[in-house]
Structures are given as C-alpha cells and as structure tokens.
Amino acid sequence: MNFVIVLLALLGSVWLLAVVEGWTTTGRLRPAAPLLSGLAHLGRESIVPRTPDRVFFETAPVLLLIVAVLGAAVLPLAPTLVIADLATGALFINAALAYVLVALIMAGWGPNGAYAMIGGWRFLGQLIAYAMLIVMPITAVAMRAESLVTTVIVVSQDGLWNIVYQPLGFVLFFIAAMALAFRAPFDLPTAPGELGGGVDAEYTGVRLAVLRLARLTLVITLASATTVFYLGGWHGPLLPPWAWSLIKTLAVAVSMLLAGRYLPRIREADLMRWCWTLGIPLALLNIIVVGLLVLVVP
Amino acid sequence: MTLVLIVALVTGAILCGIGVYGALSQTNLVMIMMGVELILAGALVNLVAFWRFLHPESYSGQMFVLVVMTVMAVEMAVGFGVAIARFRAKGSVEMEEAGDLKG
Amino acid sequence: MYAQAFFVAVFGLAAIGFGVVVFRTSSMVRSALALLFSQTAVGCMFLAMQTEFLGVLQIMMMATEMSIMAIFMVMFMMDPGGMGGMDMTHQKRFSIGAGVVAAGVAIVVAFWADWGPVTAEAPDAAMQTRALGMELLGRSMLIFETAGITILTAMIAATAVAIPVQTTANSADKEDTE
C-alpha cells in the first residue's frame, strides 16, 4: 500500500515539476502539456542508431528510472509512509544514486555516437567532483541523528531543522544534488548548446520519454532527500505530515530549477577544482562543527 | 542452515576460480586487475558467510570485510597509477610487451 | 532457511554469470560493467545473508570503482569496442587449469570441512550497524586507522607515479602539462 502511495506521490510531483518547468520556459501554464508530450513521444518513431551496443542502449533509460525510484524508496513522506525503512537508509540512497553514473555511461556508450559518448564520460568526471559533497554532508546529518535510519533523521530535527543546525552542509548538499541530477548549471552530460544533447542525443520516441521521466524523477528524489535530511521532513504546523513533505520537496525542486535558469553552465575543470579545493574542506569543516555541537549542546 | 553456508562458499570458490583464470590469461594490465577484483569478491563472499553463519557475535569478521574492500580500492588506485606511468613510457600496458620488467 | 538458500543461490549464480561474461566479451565497457554487476550481485548476496550494512556498502563502492575501471579500459585497450576481434589472452590452457584447480580445491574443502554448529539467527540490522561502529572505533580502531592511512598513502603514491616526469631536455615545451 505504501509502495503505491509513494509511487503516486512521486508521479504527481514529477507532473507538477514538468508543468512548472514548461511555465518558466514558455511563459504559459499548461497543465496537460507533460501528458501530451509524453503521448506524442509514444507515437513517434524510436530510432536505433547504427551498430549500437543494444543491451546498454535499451537498459540505460530503464536503469535510470529504477535507480531514481529506489532512491525514493527509503525517503519517508510521513512517520509510517515509507516503502522500506532500512537500518542503513542514509547509506542506501547513496548506493542507489551511485548507479545514475552507471546508467549515464551505458546511455553514452550504447548508441555508438561521439556526442553521447563524450557526455557519458563527462559525467564520470562530474561524479569525481560531486561524490564527496553528497556523502560528507549526509555523514554530518547522520552524526546529529546518531542513526542512518531516515525516519530517525527526520525525528532528530524536531524543533530545529538541519538547515539551521548545519547550513554549510545544506548548501554543499544542495549544490551536489543539482550536480548529481545534472540540472542546468551542471548539465555537462547533456549540454544542449555544445554537445547537441549529449547522452540524450541519440534517444528518440519511447526511450526518450522514459529518459525524460527518469530525469525528472531523479530531481524529485533528490529534492525529497534534501527535505528529509535538511528541511525537517514531515515536520510543520497545521497541515498533515505528508502534505508538508510534498510542499517542501516541490519547493526544493523548483528552487533547483530556478537556480539553473539564471546561472551559466560551469566548465568541467572549474567544477572539479572548486569541489576539491573549496567544497571538500568546507564539508570537513561542517563535520567538525557538527561534531563539536553534538558533543557540547545537550 | 549449513546448506546456505555451503552455497555461499561454493559461489565464493567459483568466483575465485574465474578470477584466477582471468588474472592469468589476460594480456592487458587492466583486465588482470579485473581478475584480481573477482578473486577478492570471492574472498568477500566467504568472509561474510563465515561471519553470518559461524561467528555472528564477533564483529571482527565484518571488520575484516571492510579491510578487504580497502585493499580492493588501494589495488585499483595503485594499479591505475602504474598503468598510466607505463602507458606514458612505453605506449602500451600489454603484458606480452613488458618483457623488460623481467629481472 | 530454504528461502535464504534460494536467494543466496540466485544472486550467487548472477555473480558467477556476470563474472564469466567479464572474460567472454570483447567489448571493454561491457566487460567492466559485467564486473560491476557481478560485484553488485555479491552485494545482494550479503543482503540475502542479512548483512545489510556491508551489502549496501559493497553495492555503493563498486558502482564508482568499476565505472572508473571502464574508462581506463577504453583508454588503454587497443580495441576497446571489441569490433576488431583481437585475441587479448595468452597461456589459456594453463590459466583454465589453474582456475579449475583453485575453485575445485576450495569447493572440496567447503564440503569436507567440519564447520561445526551453524547459527540460525542473525543480529538485527540496526544492532549490526551499531556494533560494527563500536568495533571500528573500539577494539579494531588501530586496524581501521591503518586502513585509512594505507588509502592515503596509495592515493599519494598513485598520483606521484602517474604525474608525467619532467626531464630537463624537454621541460620547455611541456608547459601544458601544468
């Protein structure tokens, strides 16, 4: 039952995000647009490029979708509304999201196209930049909660959300989450202007529809993770817990969207340099500060 | 319960065998490292099975699994470092062309 | 118990199957990703054996590790796509023999050894994570710290080995390596 509810919530959020994305780019609010464009994709021809690695080509979009849903499986919408409340939830979401890289490398290598392949390998470099900035802030969050269980992490933020308790960690995690979801300033693997779509380039028809759905699901999963780890999850006055979770998730997702619209695409070398020379020291500082706070403040 | 233990140990043994075959038969340094990774994966399966079915009260078993995972990571890092240096110097990391490493 | 044996066996077969694919395919990216899925299946075996933390950790670590393996394969192999049909093996008969002997000896030992009483109940997953943490920062702290230092040393050593050597003769025209 929980499985169906969480899946429906995920789909609904994806739909809302797609509507908002259309609104910010075209200036018109059309609630039916995502459905229509999805249907249109189903009707179009799904071209397979010449001499592809067929296994990778077919698997990649599905794997990306599965990975995004698996990541969402450990994130609670309400105290009992979670698909799997694992004892290692905060680690599991890392494990699931690590396979985004695998899916993108498959999507890059599979279609036997130059742009796609460059996009796929670019994401490997991007991973080396952002990976530590996903893991280290989550470490600090788990330190405060003294647990890896996601529901316990939310309960630990009762009264004081982690965004206030460890703002540095929030900023780093937010940026790294955008890089992991390859949203606009970090969309190196797709890079519409310079790579002609990158990993998206060779996908058409149904496969492209699945890929787009997977990307939006990934954004929602990461926004939900930000909510659970930093924005107090289901905590909030008046409204029922699940409503707060959804509102916060959508707010984070939309803010990722807006941040992407007004920032230029970053260069791979710059991303790597800033992440390693600035991001990782700050993340370590965050861990130290949180450790001191946990020890000093009762 | 011995059944599960035996199943896990046999899997570990076969993984180790495949790894030994790969490490000995491949000519490329990176492929040889993949063989070594498979050998270590076989070892990991055995270690976890031993911890789970024989000594679940002692966490040194899990500790040892972590150490083996560290060894896998270290092997990758050093192996790739050597591979890059070798490729720069000689233009290939093929074992057939590395006769000059013999003493 | 039979359910557990079933799942361990299924994931074990998957691990072995992907492990065979690693050395059977001629496409290097396929080879590296087959190794990745073999390791993932090993992680799933850990999960089936109720060792949750180690299983998730294995699944997480191997994704990155094997993807990096894939790009090195593409960089260093003469025929990364496997379209040229090159034979990248040597001493095949000896290797098959060695592999069969290694696996066979281990299997024989597994069946012959007296493993003694086998525990049916595994500790609770949350308890395991806690107890492992206590072990890491308690009795085994020195080992754990040594492992950390080893990784640091390996990182520095690998970087030092991989940085191009600057000889005095051509250092003038090699400024782009900076």
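Refer to the structure presented above.
The sections below set out a description of the structure shown in this document. All values reported here derive from a predicted model rather than from experimental measurement. (Residues numbered from 1 in each chain as written. Chains lettered and ligands numbered in written order. Predicted model: local features only at pLDDT ≥ 70, side-chain atom pairs only at ≥ 80, totals over all residues.)

1. What about the interface of chain B and chain C?
Note: interface size is frequently given as the accessible area lost on complex formation between the parts. Short version of the rule: We call two residues in contact if the C-beta atoms placed from their backbones are at most 7 Å apart. Strands are runs of DSSP state E lasting at least two residues, helices are runs of H or I lasting at least four, and both sets are numbered from the N terminus onward. Charged means Asp, Glu, Lys or Arg here, nonpolar means Ala, Val, Leu, Ile, Met, Phe, Trp, Tyr, Cys or Pro, and polar covers whatever is left, Gly included.
Across the contact, 62 residues belong to chain B and 69 residues belong to chain C. Breaking the side of chain B that touches chain C down by element, the ones donating at least two residues are helix H1 (2–25), helix H2 (29–53) and helix H3 (60–90) of chain B. Counting residues per element, the side of chain B that touches chain C draws most heavily on H1 of chain B, which supplies 21 residues. Classifying every residue of the side of chain B that touches chain C gives 46 nonpolar, 12 polar and 4 charged.

2. A closer look at the packing of H1 of chain B against H2 of chain B
Residues and elements named next belong to chain B. Let me state the cut-off plainly: Interaxial angle, 0 to 180 degrees, is taken between N-to-C directions of lines fitted to C-alpha atoms, where a helix line uses only the stretch in contact. Between 65 and 115 degrees an angle is taken as roughly perpendicular, under 35 as roughly parallel, over 145 as roughly antiparallel, and anywhere else as oblique. Left-handed describes a crossing in which the near helix is turned anticlockwise from the far one by less than a right angle; the clockwise case is right-handed.
Viewed as axis vectors pointing N to C, H1 and H2 meet at an angle of 165°, and their least axial separation amounts to 7 Å. By the criterion of interaxial angle, the relationship of H1 to H2 is roughly antiparallel. Helix-helix and strand crossings are classified by hand; for H1 and H2 the assignment is left-handed. Counted by class, the contact of H1 with H2 contains 20 nonpolar, 7 polar and no charged residues.

3. Concerning the nonpolar core
Selection criterion: Nonpolar cores are built from buried Ala, Val, Leu, Ile, Met, Phe, Trp, Tyr and Cys residues. These are joined into a set through C-beta atoms within 7 Å. Each residue is classed by its C-beta neighbour count within 10 Å, where at least 20 other C-beta atoms makes it buried, 12 or fewer makes it exposed, and intermediate counts make it partly exposed; the C-beta atoms are placed from backbone geometry. Throughout the structure description, domain borders are defined by an automatic or database domain assignment.
Among the nonpolar cores identified, the biggest contains 184 residues, and Val30 of chain B together with Met45 of chain C are the most heavily contacted of them. The element contributing the most residues to this core is helix H4 (residues 89–109) of chain A, with 18 residues. There are two domains that each give this core at least three residues, and those are domain 1 (1–78) and domain 2 (125–162) of chain C. Aside from chain neighbours lying at most four places away, what touches Val30 of chain B is Ala83 and Val93 of chain B together with Met69, Phe72, Met73 and Phe76 of chain C.

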